[in-house]
Amino acid sequence: MLLKIVDFLPRGEKNAVPSRHLVEMLGFRSVRDLQKAIERERNSGAVILSTCTDGGGYFKPEDTEEIKRFIRTLSSRAKNTERSIESARLELQRLEGGITLE
């Protein structure tokens, strides 16, 4: 049986394991490689939460409140990202529309 990252994570945000520690413990080459592996596990249905507070890290939820807080955080980030994309699109349109060929 192939072990997964989720198998090494503790329950509860207060016990979150920092990325660097997981990289070393599980033998990943980089934090980016770890993040890609976590993304694959999440896409397969694993519930892996993360936090940026107190040094950040990954963990399994201890209760429904942690899941709700994680969802709120990601939803807020998604909204901010959408606003950034929209302002960049508008600027691109302005710049491309402002080009005149003579």
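Provided above is the structure to which this section pertains.
The rules we used
- Residues numbered from 1 in each chain as written.
- Predicted model: local features only at pLDDT ≥ 70, side-chain atom pairs only at ≥ 80, totals over all residues.
- Heavy atoms only, no water.
- Helix = DSSP H or I, 4+ residues; strand = E, 2+ residues; numbered from the N terminus.
- Rg over C-alpha atoms; globule rule 2.2 N^0.38 Å.
- Buried < 20%, exposed > 50% of the residue type's maximum accessible area, 1.4 Å probe, protein only.
- Contact = heavy atoms within 4.5 Å.
- Areas by Shrake-Rupley, 256 points an atom, 1.4 Å probe, with all protein chains shown as cover.
- Patch = residues over 30% accessible without salt bridge, like charges linked within 9 Å, V, L, I, M, F, W, Y side chains within 5 Å.
- Salt bridge = Lys/Arg side-chain N within 4 Å of Asp/Glu carboxyl O.
- Expected span 1.5 Å × (residues − 1).
- Arc of directions from axis to C-beta.

Here we come to the overall build of the protein chain. Scanning the protein chain from N- to C-terminus turns up 3 helices and 2 strands. Helices and strands appear in the protein chain in the N-to-C order α-α-β-β-α. Taken over C-alpha atoms, the radius of gyration comes to 19 Å for the protein chain, far larger than the 13 Å a tight globule of 102 residues would show. Taken over the C-alpha atoms alone, the protein chain extends approximately 65 × 30 × 25 Å along its principal axes. Put simply, the protein chain has 102 residues, and 25% of those count as buried. Long-range contacts, defined here as pairs at least 24 residues apart, represent 50% of the contacts in the protein chain between residues at least 6 apart. Accessible surface, the protein chain as shown: approximately 7700 Å² in total, 53% of it carbon and sulfur.

Judged by side-chain polarity, Leu3, Phe8 and Met25 come together as a nonpolar surface patch covering roughly 280 Å² of accessible area. By the element assignment, Leu3 lies in the segment before helix 1 (19-26).

Counted at 1.5 Å a residue, the expected span for helix 2 (residues 31-43) with its 13 residues is 18 Å, and the 18 Å between its end C-alpha atoms agrees. Those residues of helix 2 that fall on the buried side of the exposure criterion are Val31, Asp33, Leu34, Ala37, Ile38 and Glu41. Viewed along the axis of helix 2, the buried residues span an arc of 160 degrees, placing them on a single side of the element. Turned more than 90 degrees off the buried face of helix 2, the exposed positions are Arg40 and Asn43. Structurally, helix 2 contributes buried residues whose contacts are with helix 1 and strand 2 (57-59).

With that settled, the discussion passes to the pattern of salt bridges. In total, this model carries 5 salt bridges according to the counting rule given. With a closest N to O distance of 2.9 Å, Glu62 and Lys14 form a salt bridge. Highlighted residues: Glu62 in the loop between strand 2 and helix 3 (64-97) and Lys14 in the segment before helix 1, separated in sequence by 48 residues. The class of Glu62 is partly exposed, set by a relative accessible area of 43%. Note on Lys14: relative accessible area 62%, which makes it exposed. Of the charged contacts, one joins Arg94 and Glu91 as a salt bridge, the two residues approaching to 2.7 Å between their closest N and O atoms. Here Arg94 and its partner Glu91 are both found in helix 3, 3 residues apart, which amounts to about one turn of the helix. Owing to a relative accessible area of 52%, Arg94 belongs among the exposed residues under this scheme.

Glancing now at the environment of Arg11. Tracing the backbone shows Arg11 in the segment before helix 1. For the pair Arg11 and Pro61, spaced 50 residues apart in the sequence, the C-alpha separation amounts to 5.5 Å. When sequence neighbours within four positions are dropped, the list of residues in contact with Arg11 reads Lys60, Pro61 and Glu62.

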